[in-house]
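# Remarks on the overall topology
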Amino acid sequence: MDIDVRDEDVHEMKPLDSNKSWQLFLKTINHGNKLTGEHRFPMNLQHMGKQMLRKCGGLPLAIKEVGKQLAERKVSGESEWEQLLESVDFGSTLKLLEPIYQKLAPKLEPCFMYMSFFKENTTLRAEKLREIWHAGGVVSRSNYESYINGLIDESFINVGDKGTEYRMNPLLHMLSIQKAEEKLGFEILRNNGNNQPSESPHHHRVIICSRDKFNYSTDQDKHLVSLFFHGGGYLDTNFGLKILLETIEKLMELRFLGFRNNYIKELSQSLGCLKKVEVLDIAQNFMVEVPDIIWEMCSLRHIYMSDVICRKPLKIDALQFLETLTYVSIDNWTYELSSLKMLTMLGKLGIEGLDGNSDVSKLFASLAHMRSLEHLILRGYRFISMPCLDELHILQSLKTLKLDGLLTRLPNELPPNIESLTLVNSCLDEDPMPLLEKLPELKYLKLRNAYTGRQMVILPKGFPGLTVLCIEELWNLRNVQCGEGAIFRLEKLEIHDCPYLDTLPNSLFLCLKKLNMVTTKSIAAKIKNSDLISKIGMVNINP
């Protein structure tokens, strides 16, 4: 499918989708430079070329610069083209972004530079941005949304699926690292962590390296405000922090402490001395033992952990500023009303370890006393059924709900104000749509390995407010039926790994602005040739 790319598009910061990116690349490398015959880009290297273009993140200026670089080389033969694609210099492309950065509003500059805390191509969550910016003194808690909207308006970040998740162009991410190191004294360490520390009185450190230990220099690091240690997680067992030394207690100014995706087996008792830490992220550390010291970190607002071992209860109720807690085992949750009254600011909670013996009636009754609770995650096991969740509807204040685990059936009734619902590994036998389509406020729905049936039916006028639908790993699904006036506000549709779903109702395309689909070659060809997708702004269909 040929897509016309206008000349003015290359001056825009708004990213192009994969099809328009490829068309602009070909226009630059072939037509714009009048390459013919053996010098033209070989189309059988299209996949390799598109892989290279991903580093441009759809940024027109970058795509055109890369195309120019390749077009200026005298090349003949596929092997030479392959070598060139592997050796593209993105450093020179980065310089093109300097004028764009100079036009950024002064109040947005530090927000942009703090993006260097994240790993490349990762999802940026609104809540994580808020935590990082606030811990660094960049923005207040009340007005962080205006800064996010400012970066979106300038196309420095792009809105993701839910509207609360964002993506950043890889080249802009590189620029954020460069500026953070130059202007704010950040340290982005990618090798072994032995770089000389910054002389800035209050600085931040991001470490992306392979180390069994990390030694702190108590004299040089005593003003450290943020410390991130990005590990390799499941991808590389040799890539990550394994031992957290007692000397960390000397970092008294720390406000953000991130050790996600590492191999720490036990938290140090000395963490209790860090009275200013607001964010503690120890999630995905493979059964890390957490001693009874969390309650001593009296400034904590956000705790991220999972599959932890607790010899004693964590005394979470002592943390009166706590806003986020994911995850805590249902066995370690407190049910005392006097304790729950202390958690007046807790807005997001993740409970894990639910099985058939879990007393969720008691759990929901306790959560009903928490008026600030708007986001709830319940996580069970892949092959052990979660308990009956029929009493979930008493949580009237919930806006976001995620159920992760095997379900024999859905609750008879869900909280009425749910705006975002995610079902993961539910493996339901019955079609969930008859219940879900009645939720009046539902805007976002994701089903991943959630249903084992062949057909889903949406009745007339079902899903009156739904704008985003994501269905993944519905391996048996063959047919989706929509009644008249159903799901008429849908703007984004994502379908991944539904190998038998080869036709979609016309009504799904009425207001659709974005379609992402990963499927078989035959289904991809059939959907691409359909007239229904001709008016959709962004289309990515891949076998």
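In this report, we go over the structure that sits alongside the text. Quick caveat: nothing in here was measured; it's all calculated off a predicted structure.

The next thing to look at is the nonpolar core. Grouped together as the largest cluster of nonpolar side chains are 101 residues, with contacts concentrated most on Trp333 and Leu378. In terms of residue count, the dominant contributor to this core is helix 12 (residues 360–367) (4 residues). Those residues in contact with Trp333 that sit more than four places away from it in its chain are Leu325, Val328, Leu340, Leu343, Leu346, Leu349, Ile351, Leu363, Ser366, Leu367 and Met370.

A separate point is the packing of aromatic side chains. All chains considered together, the criterion is met by 8 aromatic pairs. Look at Phe112 and Phe156: their rings are 5.0 Å apart centre to centre, the planes differ by 80°, and that puts the pair in the edge-to-face class. Separated by 44 residues along the polypeptide, Phe112 in helix 7 (residues 109–113) and Phe156 in the loop between helix 9 (144–153) and strand 2 (158–159) bring together distant segments of the chain. The pair formed by Phe112 and Phe156 is uniform in burial state, with each residue classed as buried. Clustering of aromatic rings is evident, with ring pairs tying together Tyr114, Phe117, Phe186, Phe228 and Phe256.

Tracing the sequence through the fold places Thr326 in strand 10 (residues 324–329). Take Thr326: its relative accessible area is 7%, and that puts it in the buried class. In this structure Thr326 touches Ile303, Tyr304, Met305, Lys348, Leu349, Gly350 and Ile377, once residues within four positions along its chain are discounted.

Below, the discussion takes up the pattern of salt bridges. The tally for this structure, following the rule as stated, stands at 19 salt bridges. For the salt bridge of Glu323 with Arg301, the shortest nitrogen-to-oxygen distance reads 2.9 Å. On the criterion of sequence distance, the pair formed by Glu323 in the loop between strand 9 (302–304) and strand 10 and Arg301 in the loop between strand 8 (279–281) and strand 9 is long-range, its members being 22 residues apart. Across the pair Lys526 and Asp502 runs a salt bridge whose closest N-O atoms are separated by 3.7 Å. A residue pair is termed long-range when its members are at least 10 positions apart, and Lys526 in helix 14 (residues 521–528) and Asp502 in the loop between strand 19 (492–496) and strand 20 (514–518) qualify at 24 residues. Using a relative accessible area of 44% as the deciding quantity, one classes Lys526 as partly exposed. Within this structure, Glu98, Lys179 and Glu182 form a network of salt bridges that share partners.

Let us look at the pairing of strand 11 (residues 348–352). The element strand 11 is extensively covered by neighbouring structure, given that 5 of its 5 residues are classed as buried. Of the strand pairs in this sheet, strand 10 and strand 11 are connected by 4 bridges, and their pairing is parallel. Looking at the pairing, Ser329 lines up with Glu352 of strand 11. The pairing of strand 11 with strand 12 (residues 375–379) spans 5 bridges and is classified as parallel. Bridged to Ile351 within strand 12 is Leu378. Handedness of the crossover joining strand 11 and strand 12 through helix 12 is recorded here as right-handed.

Criteria and cut-off values
- Residues numbered from 1 in each chain as written.
- Predicted model: local features only at pLDDT ≥ 70, side-chain atom pairs only at ≥ 80, totals over all residues.
- Heavy atoms only, no water.
- Core = buried A, V, L, I, M, F, W, Y, C linked by side-chain atoms within 4.5 Å.
- Buried < 20%, exposed > 50% of the residue type's maximum accessible area, 1.4 Å probe, protein only.
- Helix = DSSP H or I, 4+ residues; strand = E, 2+ residues; numbered from the N terminus.
- Contact = heavy atoms within 4.5 Å.
- Phe/Tyr/Trp six-rings, centres within 6.5 Å; stacked < 30°, edge-to-face > 60°.
- Salt bridge = Lys/Arg side-chain N within 4 Å of Asp/Glu carboxyl O.
- Pairing = 2+ DSSP bridges.
- Right-handed = clockwise from strand over helix to strand, strands pointing away.

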